[in-house]
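Observations on the model geometry
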Amino acid sequence: MVERRLAALRRILSDDEIPAMLVTGVSNMRYLTGFDGVFDDGINAACLVTSEHARFYTDARYSEAARAAAEGTPWTVRQTSGSMYVDICRELQSEGVAQLALESSVPYGRFKFISEQFVGSVRVTDGLVEGIRQVKEAAEIERIQEAARLTDAAFEHILGYVRAGLTEREVALELEFWMRKNGSEGVAFAPIVASGPNSSRPHATVSDRVIQSGDFLKLDFGACVDGYRADMTRTIVVGRADERQQEVYAAVLAANQAGLAAVRGGVAASDVDAAARSVLTERGFGERFTHGLGHGVGLDIHELPTLNAESRDQLRTGAVVTIEPGVYLEGAFGVRIEDLVVVEEAGCRVLTRSPKELIQLD
């Protein structure tokens, strides 16, 4: 897998006449190297890719783990003793490299420092590795599927835990504890647990609000397996739903189903968004759907492609994306139903299997 990924990046660099690229985004480094047990949020590292070399630079804290992970791969590990970027620039200068590419996501301070140290031209590239990552390999899909399985199991567990009188924070903690206890590598992202009027905020932060009988409870969360993430939203009622809640829920569910039916390899992402959005518009809720329909998922929780009305992306067979329409009535409640799917040539395979009929917890 690593050799195939490097070959794909080298083809792009060759086509763009880029002799060397320095990759510092953690997910991109993890993807290109395939290293396990090396990366964390505090890692100090960089990947250098040329037509001849694949070098992984890091400091003494990570060098032992990196060397062990690099065995049998094309990667050479270099331990830096001083400034990593100074060492890299000096090495490139000694090898006669006159142009260096950096990712567009690199912080400005890092870009400025490297530009000052490198003897030659520095250019910014956008989404080269991310574009390769968009189509998932079979092993990647297996990991995402396992993360989705854990996410479904966590939802089943939380249905037996939730009741009126608990706080949103208590539910969020229970979700995270259960997923970690049952094999999740942390959580895919900070869970959203939003009750009552808080559920009208698409990305509400968890609060100490006490869940009341009759509240919608929006649960947006995911497990993580070997770095690969799942993402699912289900909205339930704690108690019994009134007619307005049932009407909104039915509209969002219909939009979710329309979005899923529109997914297939080669379709424009904007067309999938339109398929779901038109359902909500027809039912009078078009202006209440205030975000895009979905996004790619993998090593990051938000990846390519982007599914919204302005997207120029096409869905590629093998991509993993979310379909997540929502309706948000400010100050009252909100509903979102989100599934995680693998794009296939003639449709999609849904990875999140939790029930989507309106669940009412008496």
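Residues numbered from 1 in each chain as written. Predicted model: local features only at pLDDT ≥ 70, side-chain atom pairs only at ≥ 80, totals over all residues. Heavy atoms only, no water.

1. With respect to the environment of Glu116
- Secondary-structure assignment places Glu116 in helix 5 (residues 108-117).
- Each C-alpha atom, one on Glu116 and one on Asp59, is 22 Å from the other, the two residues being 57 residues apart in sequence. (Helix = DSSP H or I, 4+ residues; strand = E, 2+ residues; numbered from the N terminus.)

2. Considering the sheet that holds strand 5 (residues 99-103)
- Spatial ordering of the open sheet is given by 4-3-2-1-5-6, a layout of 6 strands whose pairing is mixed. Both outer strands of the open sheet, strand 4 (76-79) and strand 6 (121-125), are each paired with one neighbouring strand and no more. Strand-to-strand twist in this sheet, taken as the mean axis angle between neighbours without regard to direction, amounts to 25 degrees.
- The pairing of strand 3 (residues 54-58) with strand 4 spans 4 bridges and is parallel. Within strand 4, the residue paired with Thr58 across the bridge is Gln79.
- Contacting strand 1 (20-23), strand 2 (45-50) and strand 3, helix 1 (residues 2-15) crosses the sheet at an angle of about 65 degrees to strand 2. (Pairing = 2+ DSSP bridges. Axes fitted to C-alpha atoms, helices over the stretch in contact; angles between N-to-C directions. Contact = heavy atoms within 4.5 Å.)

3. Focus: the side chain of Thr167
- Topologically, Thr167 is positioned in the loop between helix 7 (138-159) and helix 8 (168-181).
- For Thr167, a relative accessible area of 15% translates into the label buried.
- In this structure, Thr167 is in contact with Asp208, Arg209, Val210 and Ile211, ignoring residues within four places of it in sequence. (Buried < 20%, exposed > 50% of the residue type's maximum accessible area, 1.4 Å probe, protein only.)

4. Quick notes on the packing of helix 7 against helix 8
- The interhelical angle for the contact between helix 7 and helix 8, taken along N-to-C directions, is 135 degrees, at an axis separation of 10 Å. Relative to helix 8, the element helix 7 is oriented oblique. Viewed along their axes, helix 7 and helix 8 form a crossing whose handedness is right-handed. Taking contact as the criterion, the partners of Leu150, Ala153, Ala154, His157 and Ile158 in helix 7 are, on helix 8, Val171, Glu174, Leu175, Trp178 and Met179. (Parallel < 35°, antiparallel > 145°, perpendicular 65-115°, else oblique. Left-handed = near helix turned anticlockwise from the far one by under 90°.)

5. A closer look at the nonpolar core
- With 68 residues, the main nonpolar core has Leu9, Phe56, Trp75 and Leu219 as its most contacted residues.
- Not counting residues within four places of it along the chain, the set of residues in contact with Leu9 comprises Met21, Leu32, Val49, Leu128, Val129 and Ile132.
- Core analysis: the next-biggest nonpolar cluster, separate from the first, contains 34 residues, Ala251, Ala269, Val279 and Val335 among them. (Core = buried A, V, L, I, M, F, W, Y, C linked by side-chain atoms within 4.5 Å.)

6. Regarding the environment of Val350
- Looking at the secondary structure, you find Val350 in strand 18 (residues 347-350).
- Judged by relative accessible area, which is 21%, Val350 ranks as partly exposed.
- Linking Val350 and Ile192, residues 158 residues apart in sequence, is a C-alpha distance of 21 Å.
- Residue contacts for Val350: discarding those within four places in its chain leaves Leu260, Asp339, Leu340 and Val341.

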